[in-house]
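Listed below are the residues making up each chain.
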Amino acid sequence: MSTLNIGIAGGGVGGLAAAIALRQQGHHVTVFEQAQGFSRVGADINLTPNVVRAIDGLGAGAAIRERGAQPTFRISRDWNTGQETSRLGMSNVAEARYGAPQVTIHRADIIEALAERFPIEHIRFGQRIRALTQDAQGVHLQLADGTSPSFDVVIGADGIHSRVRTALFGEESPRFTGVVSFRSVVPTERVQHVPEIEAFTKWWGPNPQSQIVTFPLNQGRETFIFATTGQESWTEESWTSEGDVNELRSFYQDFHPDARALLDACDSTLKSALYEREPLPRWSVGTVTLLGDACHPMLPFMAQGAGMAIEDAVVLGRALAGAGSRAEAERALQTYENARKERTAQIQIGSRGNQWMKTQGNADWVYGYDAWHVPLA
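Quick summary incoming for the structure in this document. (Residues numbered from 1 in each chain as written. Predicted model: local features only at pLDDT ≥ 70, side-chain atom pairs only at ≥ 80, totals over all residues. Heavy atoms only, no water.)

Some thoughts on the pairing of strand β14 (residues 211–217)
With respect to burial, β14 is a largely interior element, seven of its seven residues being buried. In terms of strand pairing, strand β13 (residues 200–204) meets β14 through four bridges, oriented antiparallel. Within β14, the position partnered with T201 by the bridge is T214. Linking two consecutive strands that pair antiparallel, namely β13 and β14, is a turn of six residues. Inspection of the sheet shows β14 paired to strand β15 (residues 222–230) by seven bridges, in the antiparallel sense. (Buried < 20%, exposed > 50% of the residue type's maximum accessible area, 1.4 Å probe, protein only. Helix = DSSP H or I, 4+ residues; strand = E, 2+ residues; numbered from the N terminus. Pairing = 2+ DSSP bridges.)

Side note on the pairing of strand β17 (residues 270–276)
Burial analysis of β17 places six of its seven residues in the buried class, the great majority of the element. In the sheet, strand β12 (residues 175–187) pairs with β17 via six bridges, with the strands oriented antiparallel. Each bridged residue has a counterpart across the sheet, and for F182 the counterpart in β17 is K271.

What about the sheet that holds β14?
Strand order in the open sheet formed by eight strands is β5-β4-β13-β14-β15-β12-β17-β16, with mixed pairing between adjacent strands. The strands lining the two open edges of the sheet, one partner per strand, are β5 (84–89) and β16 (240–242). Across the sheet, the mean angle from the axis of one strand to that of its neighbour is 20°, orientation sign disregarded. Of the pairings in the sheet, the one linking strand β4 (residues 73–78) to β13 comprises five bridges and is parallel in character. Along β13, the bridge assignment pairs R77 with W203. Strand contacts of helix α8 (residues 257–264): β4, β13, β14 and β15, with the helix running at about 65° to β14, the strand carrying the most contacts. (Axes fitted to C-alpha atoms, helices over the stretch in contact; angles between N-to-C directions. Contact = heavy atoms within 4.5 Å.)

Describing the packing of helix α2 (residues 49–57) against helix α9 (residues 305–319)
With their axes 9 Å apart at the nearest point, α2 and α9 run at an angle of 40° to one another. Classed by the angle they form, the pair α2 and α9 counts as oblique. Where α2 crosses over α9, the handedness of that crossing is left-handed. Across the interface between the two elements, N50, V51, A54 and I55 from α2 touch G307, M308, I310, E311 and V314 from α9. The residue inventory of the contact of α2 with α9, partitioned by class, reads six nonpolar, two polar and one charged. (Parallel < 35°, antiparallel > 145°, perpendicular 65-115°, else oblique. Left-handed = near helix turned anticlockwise from the far one by under 90°. Nonpolar A, V, L, I, M, F, W, Y, C, P; charged D, E, K, R; others polar.)

Considering the sheet that holds strand β10 (residues 150–151)
Read from one edge to the other, the open sheet built from three strands follows the order β8-β9-β10, with strand pairing classed as antiparallel. A single partner strand is all that each edge strand has here, and the edge strands are β8 (129–135) and β10. As paired elements, β8 and strand β9 (residues 138–143) share six bridges and run antiparallel to each other. Bridge pairing in β9 links A131 to Q142.

Everything listed here is a matter of geometry and, on its own, says nothing about what the molecule does.
Here you go:
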């Protein structure tokens, strides 16, 4: 089997998924993660059937099902009347239609499930990439600790602030969207009286910036509440800060009583700014490419951010199957990019518009995608 020496910048969901997919093809993979170790930080994530099916092929499907929850339906409701505007069967219905259910889960639990499938000794924690160069001999990283490892291929899975992206295409600041989000987790027993609390429900507000989304976590023992609203500017030093639950409730005081009951159950909340970039015209230079938020960060309104990174990882692994030289790897990276750019751009732009499944529609183009079998030109 042909083997490449591959470095991955970023040990998040996309980076670990890529590491597993590439190792499945026999490549030697090293992951560089700037954190000192995995910890229980980050948001709660909706893994739709297309994503769960991709994770199944990485061998982590059983683990995420065990750790997460499986919503019964995907429901849209009007913000003030409570009227249902769309309903899509999930759980067993999605399993039958798409080959996998929807799973809602904390980011740390996905990381844990993926990390179980990749040797921990091949993850170098506490490693920040400062710069990157490439020449005929390979791709050379400059790390904050002064070391300079070299690889045949480097994958930038290092998020919206990607240093790999900057090395390839120069500095570019992400754009504040004018939308902020609030995230809270409450024991489900506090909101048990809210109808169909076991479903994924989106309360559509009076404008595209305003919504409340709720779904089960931790096998239904907890409920995640995610709310967004418009805000002209963001002046905090961090993108995420402690929020005020009274401020949160004030933004949605005219919403239906069932929606307000969700917010009344919150003891605390995190407030975050939502940022995005335009779709990139290219992802790869030589034998360096990008993955996930490093090349297509998107708003959360289609719940596909982490999912697109995982799909990227699977297609990348398939594209690099059998590549044993840098020339073959360069061609493979173009194949990967060509297979993924149109879909990710479509979802990136669709997420910005925030009309996905507001009324009953066909979800097959998103949920029916199979990263393991999509044609590679």
